[in-house]
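Next come the chains, spelled out residue by residue.
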Amino acid sequence: MTMPQPERDPAQHWLSRFAVERHPDRLRAEPLDEYVAAARPALAAGAAIDDPGASGSRDIVAISVQRAGVIADLLDELAERLRPGVEAGPIRSAGELSGLARELAEDMYRRAT
């Protein structure tokens, strides 16, 4: 059974994903900043392997599957918004998502230098 896709506002919702609700089973548009609340515990769970230098080599940057998943989600969303023909326009949010993206970018730069 395919669930109908709800309307999304690109200024406020993810374009690359939906939130899934149980009871009743349905999809709903996921606000951009809501994702951060779910991503932060996942990042904390992977923190043990996210230690810079955990790989034992400065040539290899090791990150947890949780951190990789969050980064992949952000890149999927960016790819969707940059797809030709998509008019997403500016977003309206509290800035939680952009703050998370900036933190992850700064962390990766630190690990790579």
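As shown above, the structure is provided for reference.
From a predicted model like this one, the values you see are computed outputs, not experimental measurements.

Visitor: Help me understand the environment of Met108 in this model?
Guide: Following the sequence through the fold, Met108 ends up in helix α3 (residues 96-112). Using a relative accessible area of 29% as the deciding quantity, one classes Met108 as partly exposed.

Visitor: Whenever I open this one, helix α1 (residues 34-45) confuses me. Can you help?
Guide: One full turn of an α-helix is made of 3.6 residues, so residues set three or four places apart face in the same direction. For α1, every residue scored as buried is listed here: Tyr35, Val36, Ala39 and Leu43. Buried residues of α1, seen end-on, are gathered within an arc of 85 degrees and therefore sit on one face of the element. Pointing more than 90 degrees away from the buried face of α1 are the exposed residues Ala37, Ala38, Ala44 and Ala45. Against β1 (13-21), β2 (26-31), α2 (65-82) and α3 lie the buried residues of α1.

Visitor: Looking at this structure, how should I read the nonpolar core?
Guide: Nonpolar side chains in soluble globular proteins tend to end up buried together. Trp14, Leu32, Tyr35, Val36, Ala39, Leu43, Val70, Leu74, Leu97, Leu100 and Leu104 together form the largest nonpolar core, which totals 11 residues. Elements with a minimum of two residues in this core: α1, α2 and α3. No other element matches α1, which puts 4 residues into this core. Ignoring anything within four residues of it in the chain, the contact list for Val36 reads Glu96, Leu97 and Leu100.

Visitor: Please explain the packing of aromatic side chains as it appears in this structure.
Guide: The description of an aromatic ring pair uses the distance of the two centres, along with the angle that the planes make with each other. Scanning the model with the defined rule gives 1 aromatic pair in all. One residue, Arg17, lies across the ring of Trp14, its end atom 5.4 Å from the ring centre.

How each quantity is defined
- Residues numbered from 1 in each chain as written.
- Predicted model: local features only at pLDDT ≥ 70, side-chain atom pairs only at ≥ 80, totals over all residues.
- Heavy atoms only, no water.
- Helix = DSSP H or I, 4+ residues; strand = E, 2+ residues; numbered from the N terminus.
- Buried < 20%, exposed > 50% of the residue type's maximum accessible area, 1.4 Å probe, protein only.
- Arc of directions from axis to C-beta.
- Contact = heavy atoms within 4.5 Å.
- Core = buried A, V, L, I, M, F, W, Y, C linked by side-chain atoms within 4.5 Å.
- Phe/Tyr/Trp six-rings, centres within 6.5 Å; stacked < 30°, edge-to-face > 60°.
- Lys NZ or Arg CZ within 6 Å of the ring centre and 35° of its normal.

That's the geometry; what it means functionally is another story.
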